[in-house]
Structure formats: C-alpha cells, structure tokens
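Each chain, written out:
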Amino acid sequence: KQKKRHMGDTNHFCPVSLKENFVLYPGLQEHAAKYKEKIYYFSTSENRDKFLKNPEEYVAHKEPLQAPPLRVCLLGIHGAGKSTCARQIADKLGIFHIQFEEYLQELILPKTKKKVGPSFDEDHEDDNKIPEELEDFSETMTKSETEESKQEVKLTDEEEAIKANLMDNMELPPEVLDKIVPDWWKKEPFRSTGFILDGFPRTLDEAIYLSERGLCPDVAVYIQVEEEDVLDRLLPLHLKNWKDRQHQKKEYKKKLKELKAKKRV
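Nothing here was measured: the structure is a model prediction, and the numbers come from that model.

Visitor: Teacher, can you tell me more about the overall build of the protein chain here?
Guide: Along its length, the protein chain carries twelve helices and six strands. The burial tally for the protein chain puts 33% of its 265 residues in the buried class. Sequence-distant contacts in the protein chain: of pairs separated by 6 or more residues, those separated by 24 or more amount to 69%. Split by element, the accessible area of the protein chain, about 17800 Å² in all, is 51% carbon and sulfur.

Visitor: Looking at this structure, how should I read helix α11 (residues 204–212)?
Guide: What sets the pattern is the α-helix's 3.6 residues per turn: residues three or four places apart point alike. Taken residue by residue, α11 has Glu 206, Tyr 209 and Leu 210 as its buried positions. Axial view of α11: buried residues confined to an arc of 95°, hence all on one face. Residues of α11 that are exposed and point more than 90 degrees away from the buried face comprise Leu 204 and Glu 212. In the segment just after α11, Gly 214 is the residue with positive phi, at about 70°.

Visitor: It is not clear to me how the side chain of Ser 43 should be interpreted in this structure. Could you clarify?
Guide: As for its position among the elements, Ser 43 is in the loop between β2 (38–42) and α3 (45–53). Owing to a relative accessible area of 12%, Ser 43 belongs among the buried residues under this scheme. A polar side-chain atom of Ser 43 sits 3.5 Å from a polar atom in the side chain of Ser 17. For Ser 43, the side chain forms a polar contact with the side chain of Asn 47, separated by 3.0 Å. Contacts of Ser 43, omitting those with residues within four sequence positions, involve Cys 14, Ser 17, Tyr 25, Pro 26, Gly 27, Leu 28 and His 31.

Scoring rules and cut-offs
Residues numbered from 1 in each chain as written. Predicted model: local features only at pLDDT ≥ 70, side-chain atom pairs only at ≥ 80, totals over all residues. Heavy atoms only, no water. Helix = DSSP H or I, 4+ residues; strand = E, 2+ residues; numbered from the N terminus. Buried < 20%, exposed > 50% of the residue type's maximum accessible area, 1.4 Å probe, protein only. Contact = heavy atoms within 4.5 Å. Areas by Shrake-Rupley, 256 points an atom, 1.4 Å probe, with all protein chains shown as cover. Arc of directions from axis to C-beta. Polar contact = N/O pair within 3.5 Å; in protein donor to acceptor, adjacent residues only side chain to side chain.

Here is the structure:
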C-alpha cells in the first residue's frame, strides 16, 4: 500500500508507451525512475531515458491521463464461434469488430474478384468454364466478359503473401503485418474507440510480433469447444455448399450438352 501511494500517474504502466502509442504497456522494476517523489516504471530503458529528458510531457497536469479504449483479442479454432461472439461483444460494448481473415480477403478482393482459400474452391475455379471452341454459342458470356476472364491478374509481393496465407496458411512476414496491424492501435477511428480482434494472433510468432511492436491487447480470450460442437456447427453449412456445387455441375453439364448440340447443327 505504501508503494502504491508513491507510484506515478500511470501506476505500473509505462507513461511513454501511453503517451506515444496510447497503449497500457506494463513497466519493469529494473527500468524504474523517480520524479517528484513518485516512482514511474518503463517498458524499456530507452523509454525511461526519454521520460527523464522531458518528464512534464508524460505526466498528468490539470486532469488525469486518459486511458486507452478496450482492445480484445479473441482466439480459438476454426468453427469455435469466434465471429458470432465477437459481433455480440462489439455491439454491446460499442467497439469495432475486426475479423482478421475477412480483412485480408478485402485487401486483395479488388484484384482477385472473388474470395480465395480452401473454403471457396479456388482450385476448381475453371471446372465450370465454357470451352473456347464453344464460347461463340454461349448466350450467357459476352465477348468483353470472355476477354476479362482471360486477363492475368498480377499481385504485388504483399498481395501474394496475403493470398498464400489465405490459401495455404503461410505465415505473413512482419513487413506485411506492419502495414496492417499497427493501424488498429494507432490510427482513427480504432485508436479512440477500441476493438475486438477476431482470429489474431493465431501462432506464437504472431503473438511475439505484437509484443515486439508494443501492441498490447487488454484482454485475450480463448474459446475452447468440444470437437462434436464444431462438427454440429460446420457440417450443415459444408453439406449445403457441397449440394450447391453438385447442382452447379449438373447445370453446367446440361448447358455444355446444349452448346455441343448447337454446334453440330
């Protein structure tokens, strides 16, 4: 209790991280410093030195220092119900819901024109394409659409990395994450409103990335579910998608047969 009475305005959190990054980053005892009979703790020795050069920039004056908004990381396996829970929590608390995989899809959607990944049958996108020799007989595909479909999409290195992540679960390099993740902590409207980040971090390396960048969530929640619950939730949807694909294949074969008949005539 005696120690708490002598702690600085930010308690055991680093005042430099709060001021510059608007993040509550726990300070360490080995990086402590005293100013006006109060003890401040810092996340790094560099932050301590920065504070000591100009302490008045980082302490409270007429009003208490403003605390950052709530930032939550929601974790769990695919099918655990993260997005459902995240939407409900975001609505209740008035914060943003960021679905990480969906956000990545939106970044490359202008070029790919469709969502990519195992769930979207990327590997079978040409299965229902009209053969070139029958294109002139197709009533559903115009010449411009045909030419557009033949154009090769060129992705940047960053977009290729995002696509590889969505397709094959390849980890995103730090230089790509640097262009995505820090904005949620440092830029508006997320900076002042807060968010629940759904599906990130997913690996130890991604968790280390957040730590090294000083991007600390206030809460990390892991949803643990039984395998049977995941099957009950996902199987009906996958079964419906499979039936839809079978119907599409049936319609495609019927259409192909009609086009071949027209060509013979």
